[in-house]
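# Reading the structure
Chain by chain, the residues run as shown.
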Amino acid sequence: MVCFGSKAIRPKGNRQNDSLDGGLYDVLHKKRGRKDKGEKPRKGGYGSGRKPSAEKPEHGQRKQKKGEAGRKGKGRGDDRHSESSVKMNSRNLKNQNALPSFEASKPSQNVLRKRVDPETAKYFSEISNLFDNKEIDLDERSTICANALEETKGKELELATDGVISHILQILIEGCVLEQLCTFLRNCVESFPVIAMDKFGSHVAEAALKTLTTHLADETSRVMIEDILNKICKVIAADSANVMCSCYGSHVLRTLLCLCKGVPFESLQDFHATKRSAILAERLGCGSNQSGGHDLKKFENGFSDTFKSFVRQMLHSAKDDIATLRVDKNSSLVLQTALKLSSGDDNELHHIISILLGYDEDGTVQKKDYSEKKNEIVTLLEETAYSHLLEVIVEVAPENLRNGIVADTLRGELFAISSHHCGNYVVQALISSAKTSDQMKQIWEELGLKIKELLELGKTGVVASILAACQRLETNRLESSQALAAALSSDSESPDSIVAHMLFLEDFLRERSYWKWPLGAKMSVLGCLMLQSIFQYPHVC
């Protein structure tokens with residue numbers, strides 16, 4: 001039996017015979033005068049009353065703040081949550097259709113966030129000191145994690161959202177067995193949306209979900225994991241708009257989507273932040289494949305029905321806020337993740353895309369005239385979050401849906417969109433996702449004669465995508481080569497100068513009238529990739 005303070009807690013399972021060395025035993029037996037369970041929390045608990053900073057993190061990552069050491073180590077911030085009432089926007093969920101796995105519960109409202117009482121704070125401080133000792137063996141660590149997690153019952157919200165104790169909770173969650181983790185999550189499931197949207201609680205929520213991910217391959221654990229996932233998805237879906245728009249909730253929700261889909265632990269980060277260079281490499285044929293470089297068919301340990309139901313209920317609950325969610329950076333990232341994880345499932349993609357493009361949920365996007373949405377979509381492309389969202393839509397859309405977007409929505413606007421600092425990425429995605437020579441010819445008709453203008457505008461990524469697609473689909477190769485030569489040379493220069501201009505493309509375009517071969521200058525990555533595509537053309541081109 002292991003004692004914490006004055007209260008003895010019997011370890012679960014077969015750990016009753018675990019022994020502790022003398023030093024550890026002494027630390028665990030410190031008296032701390034535990035408060036009676038029925039006594040109300042005192043006012044004026046430990047810690048300052050400063051509110052967490054409202055500053056949002058950068059796109060795709062959490063911003064580390066002064067005094068905050070991040071997810072690991074001590075000193076994650078000296079902020080404490082004072083006693084306050086956190087009000088959540090309630091939404092009436094109309095016409096809730098039955099879904100395969102669950103139905104949404106009511107949104108969280110007026111959640112009272114209490115202070116952590118001094119005795120509890122001291123208790124978890126002692127636990128932290130034990131782990132800092134670094135002399136605890138695995139059996140002792142597991143026992144301590146189990147018993148300490150039991151002490152969180154009924155106080156999960158205030159502990160998870162505390163600046164110091166939340167870090168200790170992460171250690172406990174990562175060190176406990178699956179049964180104890182699921183018990184902790186069941187106890188705090190009703191508060192999970194609030195925890196997920198909290199500056200500190202979001203780290204606890206993500207740690208719990210990521211720990212669940214490590215158990216996905218264990219067949220005996222799947223029933224337990226699926227049960228707790230359904231409960232979490234139910235409460236999150238009920239308040240999905242708020243969670244999606246939260247800079248902290250967005251991270252947690254993306255991890256939850258990946259967990260439902262069965263994304264392995266080592267691949268989770270790829271769905272949180274994707275580098276532009278990696279995307280470009282895939283589009284130009286240098287990467288593994290589209291949709292983030294992952295073959296979703298290899299994610300065999302997911303819960304397909306739970307994932308589909310969760311996405312549908314999430315969109316249904318937030319249907320009145322779709323216009324806002326499309327242009328909000330945090331919610332756009334969640335929607336992009338849902339689209340990428342649904343890649344290959346045409347039925348689900350039709351449903352999701354129809355809602356995101358502003359049509360009804362019944363999939364009428366397949367039947368309607370896309371031209372009626374043309375002005376709206378082109379205007380919205382000026383919004384960074386929406387342009388990234390449409391970029392993913394173009395990449396993953398089923399063939400007939402993609403053809404509709406090309407034929408009716410973007411036709412005649414490709415050059416204008418290519419000239420925009422956000423919209424040009426959508427055009428790159430459109431070009432790279434072309435699957436037939438006819439599709440590429442339609443694009444060439446609009447952009448083929450604009451190669452020089454695109455280069456002068458600095459949209460070299462669009463030109464590089466055109467050259468790569470022409471080679472891949474074996475169409476317009478001679479025309480593209482001639483257009484590029486005309487754009488990068490003059491009558492007074494030798495044709496050989498084209499290669500030099502491409503090797504130092506950005507420098508040449510910037511200093512065109514007086515450019516000379518630079519000494520020791522960095523070569524252009526895009527220029528070299530364009531040359532790579534050209535060198536694959538037949539000799540006659």
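Residues numbered from 1 in each chain as written. Predicted model: local features only at pLDDT ≥ 70, side-chain atom pairs only at ≥ 80, totals over all residues. Heavy atoms only, no water.

Where an unreviewed UniProt entry is consulted, the protein chain appears under the name PUM-HD domain-containing protein, with the organism given as Arundo donax.

### Focus: the packing of helix α11 (residues 249–261) against helix α15 (residues 329–341)
Rule in force here: All axes here are fitted lines through C-alpha atoms, helices being fitted over the stretch that makes contact, and every angle between N-to-C directions spans 0 to 180 degrees. The helix count covers DSSP runs of H or I at least four residues long, the strand count covers runs of E at least two residues long, and both are numbered beginning at the N terminus. Any angle that is under 35 degrees is reported as roughly parallel, and any over 145 degrees as roughly antiparallel; angles of 65 to 115 degrees are reported as roughly perpendicular and all others as oblique. Any two residues having at least one pair of non-hydrogen atoms within 4.5 Å are treated as being in contact. Gly counts as polar in this scheme, as do all residues outside two lists: the nonpolar Ala, Val, Leu, Ile, Met, Phe, Trp, Tyr, Cys and Pro, and the charged Asp, Glu, Lys and Arg.
Interaxial distance between α11 and α15 falls to 9 Å at its minimum, and their mutual angle equals 10 degrees. In terms of orientation, α11 lies roughly parallel with respect to α15. Where α11 abuts α15, its residues Ser250, Leu253, Arg254, Leu257, Cys258 and Lys261 lie against Asn330, Leu333, Val334, Thr337, Ala338 and Leu341. Class assignment for the residues of the contact of α11 with α15 results in 7 nonpolar, 3 polar and 2 charged.

### Considerations on the pattern of salt bridges
What counts here: Salt bridge, as applied in this entry: a Lys or Arg side-chain nitrogen positioned within 4 Å of an Asp or Glu carboxyl oxygen. Categorising residues by exposure relies on relative accessible area from a 1.4 Å probe, with only protein chains included: less than 20% of the type maximum marks a residue as buried, more than 50% marks it as exposed, and the intermediate range marks it as partly exposed.
With the rule as written, the count across this model stands at 7 salt bridges. Two residues, Lys210 and Glu206, come together in a salt bridge whose shortest N-O distance is 3.9 Å. Of the two residues, Lys210 and Glu206 both sit in helix α8 (residues 201–213), 4 residues apart, roughly one turn of that helix. As far as burial versus exposure is concerned, Lys210 and Glu206 are alike and both buried.

### Concerning the UniProt feature "repeat: Pumilio" (unreviewed entry) in the protein chain
Rules: UniProt positions are given in the numbering used here, feature names are shortened, and annotations may be inferred rather than shown by experiment.
As annotated by UniProt and renumbered to match this structure, "repeat: Pumilio" (unreviewed entry) occupies residues 409–445. Summarising residues 409–445: 68% helix, 0% strand, and an end-to-end C-alpha distance of 16 Å.

### Points about the confidence of the model for the protein chain
Rules: Per-residue confidence from the predictor is reported as pLDDT, which spans 0 to 100.
Model confidence for the protein chain is summarised by a mean pLDDT of 78, while 72% of its residues fall at 70 or above. Below a pLDDT of 50 lies the segment residues 1–101, which in the model reaches 222 contacts outside its immediate sequence neighbourhood of four places, other chains included.

### A short note on helix α28 (residues 525–535)
Helical periodicity: at 3.6 residues per turn, an α-helix aligns residues three or four positions apart in one direction. Rule in force here: The definition of a polar contact used here is a pair of N or O atoms within 3.5 Å, where within protein one atom must be able to donate a hydrogen and the other to accept one, and adjacent residues in sequence count solely through side-chain atom pairs.
Within the span of α28, buried status applies to Leu526, Gly527, Leu529, Met530, Leu531, Ser533 and Ile534. Where α28 begins, the capping side chain belongs to Ser524, and its oxygen is found 2.9 Å from the backbone nitrogen of Gly527.

### Description of the packing of helix α9 (residues 222–238) against α11
The cut-off we apply is this: Should the near helix be turned counterclockwise from the far one by less than a right angle, the crossing is left-handed, whereas a clockwise turn marks it as right-handed.
Following both chains from N to C, one finds α9 and α11 inclined at 140 degrees, their axes separated by 12 Å at the closest point. Relative to α11, the element α9 lies oblique. Helix-helix and strand crossings are classified by hand; for α9 and α11 the assignment is left-handed. Residue-level inspection shows Leu229, Ile232, Cys233 and Ile236 of α9 in contact with α11, the latter providing Leu253, Leu256, Leu259 and Cys260. Looking at side-chain class alone, the contact of α9 with α11 contains 8 nonpolar, no polar and no charged residues.

### A look at the packing of aromatic side chains
Aromatic ring pairs: the centre-centre distance and the angle between the two ring planes describe each pair. Put simply, the test is: Only rings of Phe, Tyr and Trp enter the pairing, Trp through its six-membered ring, and a pair is recorded when the two centres are within 6.5 Å. The plane angle decides the type: under 30 degrees is stacked, over 60 is edge-to-face, the rest tilted.
Scanning all chains against the criterion turns up 3 aromatic pairs. Judged by centre distance (5.1 Å) and plane angle (85 degrees), the rings of Tyr123 and Phe124 are edge-to-face. An identical accessibility class is assigned to Tyr123 and Phe124; each is buried. Summarising the aromatic geometry, the rings of Phe504 and Trp515 are spaced 6.4 Å apart at their centres and angled 40 degrees between planes, so their arrangement reads as tilted. A residue pair is termed long-range when its members are at least 10 positions apart, and Phe504 in the loop between α26 (497–503) and α27 (505–510) and Trp515 in the loop between α27 and α28 qualify at 11 residues. Taken individually, Phe504 and Trp515 each receive the classification buried, so the pair is uniform in this respect. Feature note: the residues Phe504, Phe508 and Trp515 constitute an aromatic cluster, connected by ring pairs.

### Some details on the nonpolar core
Which entries qualify depends on this criterion: Nonpolar core, defined: a set of buried Ala, Val, Leu, Ile, Met, Phe, Trp, Tyr and Cys residues in which side-chain atoms within 4.5 Å join the residues together.
In this structure, Leu172, Phe192, Leu212, Leu256, Leu339 and Leu484 are the most contacted members of the largest nonpolar core, which totals 141 residues. Here this core takes 9 residues from helix α24 (residues 460–473), the largest share from any one element.

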